[in-house]
2 protein chains.
Amino acid sequence: MTPLQIWALPGIAEIRPGDDLIGVLADAAGDTLADGDILVVTSKIVSKAEGRIVRAADREEAITAETVRVVASRVMPSGAVTRIVENRLGIVQAAAGVDASNTPEGTVLLLPEDPDTTARTLAAGLRARLGVQVGVLISDTMGRAWRDGQTDAAIGAGGVHVFEDLRGTTDAEGRPLAVTLPCVADELCAATDLVKGKSARTPVAVVRGRADLVGDLSLPGARTIARSIADDMFRQGTDEAYAAGFAAGRAAS
Amino acid sequence: MTPLQIWALPGIAEIRPGDDLIGVLADAAGDTLADGDILVVTSKIVSKAEGRIVRAADREEAITAETVRVVASRVMPSGAVTRIVENRLGIVQAAAGVDASNTPEGTVLLLPEDPDTTARTLAAGLRARLGVQVGVLISDTMGRAWRDGQTDAAIGAGGVHVFEDLRGTTDAEGRPLAVTLPCVADELCAATDLVKGKSARTPVAVVRGRADLVGDLSLPGARTIARSIADDMFRQGTDEAYAAGFAAGRAAS
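Parameters at a glance
- Residues numbered from 1 in each chain as written.
- Chains lettered and ligands numbered in written order.
- Predicted model: local features only at pLDDT ≥ 70, side-chain atom pairs only at ≥ 80, totals over all residues.
- Heavy atoms only, no water.
- Axes fitted to C-alpha atoms, helices over the stretch in contact; angles between N-to-C directions.
- Helix = DSSP H or I, 4+ residues; strand = E, 2+ residues; numbered from the N terminus.
- Parallel < 35°, antiparallel > 145°, perpendicular 65-115°, else oblique.
- Left-handed = near helix turned anticlockwise from the far one by under 90°.
- Contact = heavy atoms within 4.5 Å.
- Pairing = 2+ DSSP bridges.
- Phe/Tyr/Trp six-rings, centres within 6.5 Å; stacked < 30°, edge-to-face > 60°.
- Salt bridge = Lys/Arg side-chain N within 4 Å of Asp/Glu carboxyl O.
- Least-squares fit on C-alpha atoms with pLDDT ≥ 70 in both.
- 1 Å grid on protein atoms, 1.4 Å probe; cavity = no way out; pocket = protein on both sides within 12 Å on 5 of 7 lines; lining within 4 Å.
- Points joined across faces, edges and corners; volume = space filled by probe spheres on them.
- Nonpolar A, V, L, I, M, F, W, Y, C, P; charged D, E, K, R; others polar.
- Buried area = accessible area lost by both parts, 1.4 Å probe.
- Polar contact = N/O pair within 3.5 Å; in protein donor to acceptor, adjacent residues only side chain to side chain.
- Expected span 1.5 Å × (residues − 1).
- Buried < 20%, exposed > 50% of the residue type's maximum accessible area, 1.4 Å probe, protein only.
- Arc of directions from axis to C-beta.

- Looking up chain A in an unreviewed UniProt entry gives the name F420-dependent oxidoreductase, with the organism given as Microbacterium mangrovi.

1. Remarks on the packing of helix H1 (residues 21–29) of chain B against helix H4 (residues 115–130) of chain B
Residues and elements named next belong to chain B.
Point 1. Relative orientation of the contacting elements H1 and H4 amounts to 50°, with a least axis distance of 9 Å. One element, H1, and the other, H4, form an angle in the oblique class. With respect to the hand of their crossing, H1 and H4 are arranged in right-handed fashion. For the pair H1 and H4, the contacting residues are Leu 21, Ile 22, Gly 23, Leu 25, Ala 26, Asp 27 and Ala 29 in the first and Thr 121, Leu 122, Gly 125, Leu 126, Arg 129 and Leu 130 in the second.

2. Side note on the sheet that holds strand E4 (residues 67–75) of chain A
All names here are of chain A.
Point 1. Strands sit in the order E4-E5-E6 across an open sheet of three strands; the sheet is antiparallel. Each of the sheet's edge strands pairs with one partner strand only, and the pair in question is E4 and strand E6 (92–94). The average angle at which neighbouring strand axes cross in this sheet is 25°, direction not considered.
Point 2. Sheet topology note: the E4/strand E5 (residues 81–87) ladder contains seven bridges and is antiparallel. Its bridge partner lying in E5, Arg 74 is registered against Thr 82.

3. Examining the sheet that holds strand E4 (residues 67–75) of chain B
To summarise the sheet geometry, strands pair through backbone hydrogen bonds and adopt either a parallel or an antiparallel arrangement.
All names here are of chain B.
Point 1. The three strands are arranged E4-E5-E6 in an open sheet whose pairing can be described as antiparallel. The strands lining the two open edges of the sheet, one partner per strand, are E4 and strand E6 (92–94). Neighbour-to-neighbour, the strand axes of this sheet turn through a mean angle of 25°, independent of strand direction.

4. Here's the deal with the packing of aromatic side chains
Within a pair of aromatic rings, the relevant descriptors are the distance that separates the centres and the angle that separates the planes.
All names here are of chain A.
Point 1. Applying the stated rule across the entire model yields four aromatic pairs over all chains.
Point 2. Ring centres of Trp 146 and Phe 234 lie 4.8 Å apart, and the angle between their planes is 75°; this geometry places the pair in the edge-to-face category. Note that Trp 146 is positioned in the loop between strand E8 (135–143) and strand E9 (150–158) and Phe 234 in the loop between strand E10 (204–208) and helix H6 (238–252), a separation of 88 residues in sequence.
Point 3. When the centroid spacing of 6.4 Å and the interplanar angle of 25° are considered together, the rings of Tyr 242 and Phe 246 count as stacked. Taken together, the residues Tyr 242 and Phe 246, both in helix H6 and four residues apart, mark about one turn of the helix.

5. Structural notes on the pattern of salt bridges
Point 1. Applying the stated criterion across every chain, the model contains 36 salt bridges over all chains.
Point 2. Beyond isolated ion pairs, a larger network of salt bridges with shared partners links Arg 52, Glu 66, Arg 88 and Glu 113 of chain A.

6. Remarks on the relation of the copies chain B and chain A
Point 1. Mapping chain B onto chain A leaves a residual RMSD of 0.0 Å; the transformation is a rotation of 180° accompanied by 0.0 Å of translation along its axis. As the rotation angle and translation indicate, the two copies are arranged about a two-fold axis.
Point 2. Both copies share a contact surface, since 100% of the interface residues of chain B are interface residues in chain A too.

7. Re empty space enclosed by the protein
Residue and element names in this part refer to chain A.
Point 1. Here the structure, examined in full by the defined rule, presents three cavities of 30 Å³ or more.
Point 2. Of the voids in this model, the largest cavity is the one considered here, and its volume is about 50 Å³.
Point 3. Residue lining of the largest cavity: Ser 43, Lys 44, Ser 47, Gly 97, Asp 99, Leu 109, Leu 110, Leu 111 and Asp 140, and that is the complete set.
Point 4. Ranked by residue count, the leading element in the lining of the largest cavity is helix H2 (residues 43–49), at three residues.
Point 5. Its residues placed into classes, the lining of the largest cavity shows three nonpolar, three polar and three charged.

8. Re the packing of H6 of chain A against helix H6 (residues 238–252) of chain B
A packed helix pair is summarised by two numbers, namely the angle formed by the two axes and the spacing between the axes.
Point 1. Look at H6 of chain A against H6 of chain B: their axes get within 6 Å of each other, and the N-to-C directions meet at 35°. Here H6 of chain A runs over H6 of chain B; the crossing is right-handed. Only Thr 238, Ala 241, Tyr 242, Ala 244, Gly 245, Phe 246, Ala 248, Gly 249, Arg 250 and Ala 252 of chain B of H6 of chain B make contact with H6 of chain A, whose side of the interface consists of Thr 238, Ala 241, Tyr 242, Ala 244, Gly 245, Phe 246, Ala 248, Gly 249, Arg 250 and Ala 252 of chain A.
Point 2. A per-class count over the contact of H6 of chain A with H6 of chain B returns 12 nonpolar, six polar and two charged.

9. Regarding the interface of chain B and chain A
Size of an interface: often given as the accessible area lost when the parts come together.
Point 1. Listed as interface residues are 90 residues of chain B and, on the opposing side, 90 residues of chain A.
Point 2. Here chain B meets chain A over a buried area of about 7,900 Å², counting both sides, of which 56% is carbon and sulfur.
Point 3. Among the residues of chain B in contact with chain A, Trp 146, Leu 194 and Met 233 of chain B are the three that bury the most area, contributing 12% of the side total.
Point 4. Asp 148 of chain B is the salt-bridge partner of Arg 227 of chain A, the closest N and O atoms lying 2.9 Å from each other.
Point 5. Seen at the junction of chain B and chain A, the total is 41 residue pairs in polar contact (both at pLDDT 80 or more).
Point 6. For the side of chain B that touches chain A, the secondary structure elements donating two or more residues are strand E1 (4–8), E4, strand E5 (81–87), strand E8 (135–143), strand E9 (150–158), helix H5 (184–196) and H6 of chain B.
Point 7. Here the element with the most residues in the side of chain B that touches chain A is H6 of chain B; it accounts for 11 residues.
Point 8. Classifying every residue of the side of chain B that touches chain A by side-chain character gives 45 nonpolar, 22 polar and 23 charged.

10. Some details on H6 of chain B
Point 1. The terminal C-alpha atoms of H6 of chain B lie 21 Å apart, and with 15 residues this matches the ideal 21 Å at 1.5 Å per residue to within 8%.
Point 2. When we look at burial in H6 of chain B, the residues that qualify are Thr 238, Ala 241, Gly 245 and Gly 249 of chain B. Burial along H6 of chain B is one-sided: seen end-on, the buried residues are contained in an arc of 70°.
Point 3. On its buried face, H6 of chain B sits against H6 of chain A.

Here's what the structure looks like:
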């Protein structure tokens, strides 16, 4: 059995606003890519190419501007306020994904404008330029409810299945599978974080060995990963929901 | 740069209660393992070896018995009740991880008794038997708040760092990294789900290329991934917290 292989693309210099990412990725990849390869691109370099840079002094206002719904907030021991919000992309995440690491001094980065469209554009450009049928994911680093630490997950997808739909298939005993929808896009992003690192200049990694997940550019994007609010048992933080209930209970008496 | 490599171990037959997992893994691995390899073992085969099998008719009682705290519950359109609970291992998960896929007809499987201890025992046994310094993770499939689908995550760790602690390190600009604690154990489990599949008999995969994450058997286990309730902004579901607040508000009037 051929192993799944994952490696970081070397030789990507600091990205600046207006840079042509298709050209950067094509140059870094050279002739090393093959049909069915999946490139996982850290959101940070997409944001930089798009010029999504704001002054660090404007960070809180920037988070507010990116927010469509506050899910929960808490004052941390440091005095800083952590806000878990749904952003305009439908992603629930701390600080709306606004990040200060690996950005020029005194600045912070917003998430890319439209990562699904950008992922499709990058995939289309690389397919045309390199003549290989690749898929592209755009990843971001996220905390999780109930589990400490962070993992990388998908915020954009172009020409890659984000879910492996096993509904209707059966297990080794011939019974319908209970776990039915592995989020392979998030698993691919998590996997590539293992070779990218956080401080080195390796913002792009390649996964080879799951060509079955690469397909047409019209495949649904990462936006489809976001759970609808109707299905969301954690659409509001515990303290916020309790306070809302308390106020309603008092008013109802 | 040598790629990270991930492959499933072939040749693992159906596991039965009392089976010697160290022997099964050692036989399946043969002489293919090297120092620094990480084996990711699906919890299901650990549960089977431990005989953690109950009658499907007793599923709801089994979930209740595994639960130390109900976080949220909801009646689904099918009429079934989904319960998100903290189990005796400190893991917040749907149905306390009780699972009906790939089990004998009419039965369901509970999570392993003590996956951190088992992971250490497996790592110690494999190190002794094969003469290679491997690490072992035990994985389970989990849903996520806010994101549809499931990914695999770590519930047991033996001789593997569960976090890559970057606190105190700096980014390419020399500033402290804001994202400080990648949960590499969860990323490794997610990565191996890409080669394991859900219905095939490939419950074990190997990751080669992150030997730096393999260490002493006294390293902290996966239990340390669970967020403490004091830090948990989602320790109770939205509906549950609202209802508790409402009752308290009414009583306080």
